[in-house]
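Report on the structure
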Amino acid sequence: SQQGEEDPQALSIQEGENATMNCSYKTSINNLQWYRQNSGRGLVHLILIRSNEREKHSGRLRVTLDTSKKSSSLLITASRAADTASYFCATDQMNTGFQKLVFGTGTRLLVSP
Amino acid sequence: DTGVSQDPRHKITKRGQNVTFRCDPISEHNRLYWYRQTLGQGPEFLTYFQNEAQLEKSRLLSDRFSAERPKGSFSTLEIQRTEQGDSAMYLCASSSYRDRGYEQYFGPGTRLTVT
């Protein structure tokens with residue numbers, strides 16, 4: 001079963017605008033990761049934030065994590081048509097003994113030229 | 001290309017037939033994972049190998065499913081007596097203990113359609 005929910009389920013924006021998507025999860029985690037999936041390249045790892053971190057940046061990506069609310073957000077700035085894809089958060093749960101990723105339901109992002 | 005590869009990319013089979021998928025991980029990665037993804041959903045964990053040992057199996061993996069990783073290299077996932085509900089994308093991923101396994105590298109997937 002899915003760990004949590006992503007919001008919104010779908011997002012449509014124009015090139016150059018920012019896109020924000022949110023993820024909520026249910027259990028204690030070691031870290032939270034964001035992945036992108038499109039038909040051309042499959043699932044690609046974007047960024048990882050550890051449970052003791054609150055914010056992380058990578059290029060045009062900014063991720064925040066609030067463990068007290070069990071939520072995370074991914075911000076993509078200055079979006080491009082090539083950012084069109086589905087975005088998934090995945091939590092690495094504590095106490096599993098190995099890295100078991102539990103994925104959310106995903107946000108489908110459409111960036112129009 | 002030295003990424004994770006999967007074969008076949010697409011498989012159409014009739015209900016009741018057996019199917020086998022193959023995954024070749026990145027060569028130095030000792031951890032290998034199988035996931036299943038249905039339309040509109042995120043991937044769901046099926047099973048995990050560390051080297052040749054299968055250390056974890058999800059309850060999603062019924063007794064019709066079996067996975068192996070002989071010699072800790074490639075892995076196979078077999079589904080016996082396929083059902084229409086098995087139709088999904090089957091994803092393989094690998095990671096390295098040396099990198100503390102934080103990032104999983106995914107293959108392109110095998111899309112299974114059971115008619």
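Scroll up to find the structure this text is about.
To start, this report covers the structure provided alongside it.

Rules used in this analysis
- Residues numbered from 1 in each chain as written.
- Chains lettered and ligands numbered in written order.
- Predicted model: local features only at pLDDT ≥ 70, side-chain atom pairs only at ≥ 80, totals over all residues.
- Heavy atoms only, no water.
- Pairing = 2+ DSSP bridges.
- Helix = DSSP H or I, 4+ residues; strand = E, 2+ residues; numbered from the N terminus.
- Axes fitted to C-alpha atoms, helices over the stretch in contact; angles between N-to-C directions.
- Contact = heavy atoms within 4.5 Å.
- Buried area = accessible area lost by both parts, 1.4 Å probe.
- Salt bridge = Lys/Arg side-chain N within 4 Å of Asp/Glu carboxyl O.
- Polar contact = N/O pair within 3.5 Å; in protein donor to acceptor, adjacent residues only side chain to side chain.
- 1 Å grid on protein atoms, 1.4 Å probe; cavity = no way out; pocket = protein on both sides within 12 Å on 5 of 7 lines; lining within 4 Å.
- Points joined across faces, edges and corners; volume = space filled by probe spheres on them.
- Nonpolar A, V, L, I, M, F, W, Y, C, P; charged D, E, K, R; others polar.

Here the focus is the sheet that holds strand β7 (residues 61–66) of chain A. Residue and element names in this part refer to chain A. Taken together, the five strands give an open sheet; going across it, the order is β1-β3-β8-β7-β6, and neighbouring strands pair in antiparallel fashion. Edge positions in the open sheet fall to β1 (5–7) and β6 (55–58), since each of these has one partner strand only. The sheet shows a mean angle of 15° between the axes of neighbouring strands, taken without regard to direction. Bridge count between β7 and strand β8 (residues 71–76): six bridges; the pairing is antiparallel. The residue bridging Arg-62 from the neighbouring strand is Leu-75, located in β8.

Each partner contributes to the interface: chain A provides 18 residues, whereas chain B provides 20 residues. Of the roughly 1700 Å² buried at the junction of chain A and chain B (both faces included), carbon and sulfur atoms supply 52%. Between chain A and chain B we count zero salt bridges in total. Where chain A packs against chain B, one counts two residue pairs in polar contact (both at pLDDT 80 or more).

Residue and element names in this part refer to chain B. Sheet architecture is open: four strands sit in the order β1-β3-β8-β7, paired in antiparallel fashion. If you trace the sheet from one side to the other, it starts and ends with β1 (5–7) and β7 (65–68), each paired once. Taking the axes of each pair of neighbouring strands and ignoring which way they run, one obtains an average angle of 15° across the sheet. Bridge count for β1 against strand β3 (residues 19–24) is three bridges, and the pairing is antiparallel. In the strand pairing of β3, Ser-5 is matched with Asp-24.

There is about 590 Å³ of room inside the largest pocket. What lines the largest pocket is a set of 24 residues, among which A:Gln37, B:Gln37, B:Leu39, B:Met89 and B:Arg111 lie closest to the centre. Elements represented by at least two residues in the lining of the largest pocket include exactly β4 (29–38) and β9 (85–93) of chain A together with β9 (88–95) of chain B. Per-class residue counts for the lining of the largest pocket are five nonpolar, 15 polar and four charged.

Turning our attention to unusual backbone geometry. Of note, the amide linkage connecting A:Asp7 to A:Pro8 takes the cis form, showing an omega dihedral of 0°. Within the fold, A:Pro8 resides in the loop between β1 and β2 (10–14). Note the cis peptide between B:Asp7 and B:Pro8, where omega equals -5°. Inspection of the secondary structure puts B:Pro8 in the loop between β1 and β2 (10–13). With a phi angle near 45°, A:Ala78 is a residue other than glycine that sits in the positive phi range.

It is worth stressing that arrangement in space is one thing and function is another; only the former is reported here.
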